[in-house]
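# Descriptive structure summary
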Amino acid sequence: MKAGFNGAAAVTFAAAILYAMQRTTPLYSEITSPVPVAGKQGERIDTRAFALGVGDVHLARIVKTERFGRTRTYTTSGVWVLLEAAAEASRESLTLTSAEWRGPSGVRYALTQRFSTMPGMLPAERLEPGLPKPVLMAFEVPESELAGGTLLVAPSAFTPLGDEAQVAITQLALGDIRSAVTIRQTGGPMPWVLETE
């Protein structure tokens, strides 16, 4: 009788230990996730591979692009979020291919590819050490996911344990949503100018 009771107690104890381990052990995806380097809009964030500083954020219902004398109009079911930033490589040349907008709900929105080949757009720009370069990022985000959003930028989405800049966007007001923003190319050191309507 005593041996049976000890056996049942041992099984119950082992089950409790396994349950606790299951609830507290991080998932493989969490163990190999990027290393966050946190900062906020308006300040420079230095990671091991690159530096990033986000300046102005523009919100619009429509984005227009002017290239080679042609104007193209892009609509979205949400809101366009255009972020002007400066980035530079830290040690060696690289391209930042991963940028996401994380809304307050935790849902992530990928960088739009609809006009990503324009000069100055991420991920089309190659970064060099010591040479800050202006970059422009564009996202299509539901209006409910704007306030409290965070920009996540990394050299690649597939590099385990790589650094990821996490920029809290603090200077964003929903009342600032414009009817349209035009991205006009300049061909100079600042490859674009944004004009709001």
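Now for a description of the structure that goes with this document. (Residues numbered from 1 in each chain as written. Predicted model: local features only at pLDDT ≥ 70, side-chain atom pairs only at ≥ 80, totals over all residues. Heavy atoms only, no water.)

### Here's the deal with the nonpolar core
- If you look at the biggest cluster of nonpolar residues, it comprises 33 residues, and the most contacted ones within it are Leu52, Leu83, Met137, Phe139 and Leu151.
- Of all the secondary-structure elements, those providing two or more residues to this core are strand 3 (50-67), strand 4 (70-89), strand 6 (98-102), strand 9 (133-141), strand 10 (150-154) and strand 11 (163-168).
- Counting residues per element, this core draws most heavily on strand 4, at 6 residues.
- When near neighbours in sequence (up to four residues on either side) are disregarded, Leu52 contacts Glu43, Arg44, Ile45, Ala85, Ala86, Ala87, Leu151, Val153, Ala165 and Val167.
- One finds Tyr74, Phe115, Met118 and Leu136 within the second-largest nonpolar core, a separate group that totals 14 residues. (Core = buried A, V, L, I, M, F, W, Y, C linked by side-chain atoms within 4.5 Å. Buried < 20%, exposed > 50% of the residue type's maximum accessible area, 1.4 Å probe, protein only. Helix = DSSP H or I, 4+ residues; strand = E, 2+ residues; numbered from the N terminus. Contact = heavy atoms within 4.5 Å.)

### Focus: a nonpolar patch on the surface
- A surface patch of nonpolar side chains, about 430 Å² in accessible area, is lined by Phe13, Ile17, Leu18 and Met21.
- As for its placement among the helices and strands, Leu18 is situated in helix 1 (residues 2-24).
- On the basis of relative accessible area, Leu18 is assigned to the exposed category, the value being 56%. (Patch = residues over 30% accessible without salt bridge, like charges linked within 9 Å, V, L, I, M, F, W, Y side chains within 5 Å. Areas by Shrake-Rupley, 256 points an atom, 1.4 Å probe, with all protein chains shown as cover. Salt bridge = Lys/Arg side-chain N within 4 Å of Asp/Glu carboxyl O.)

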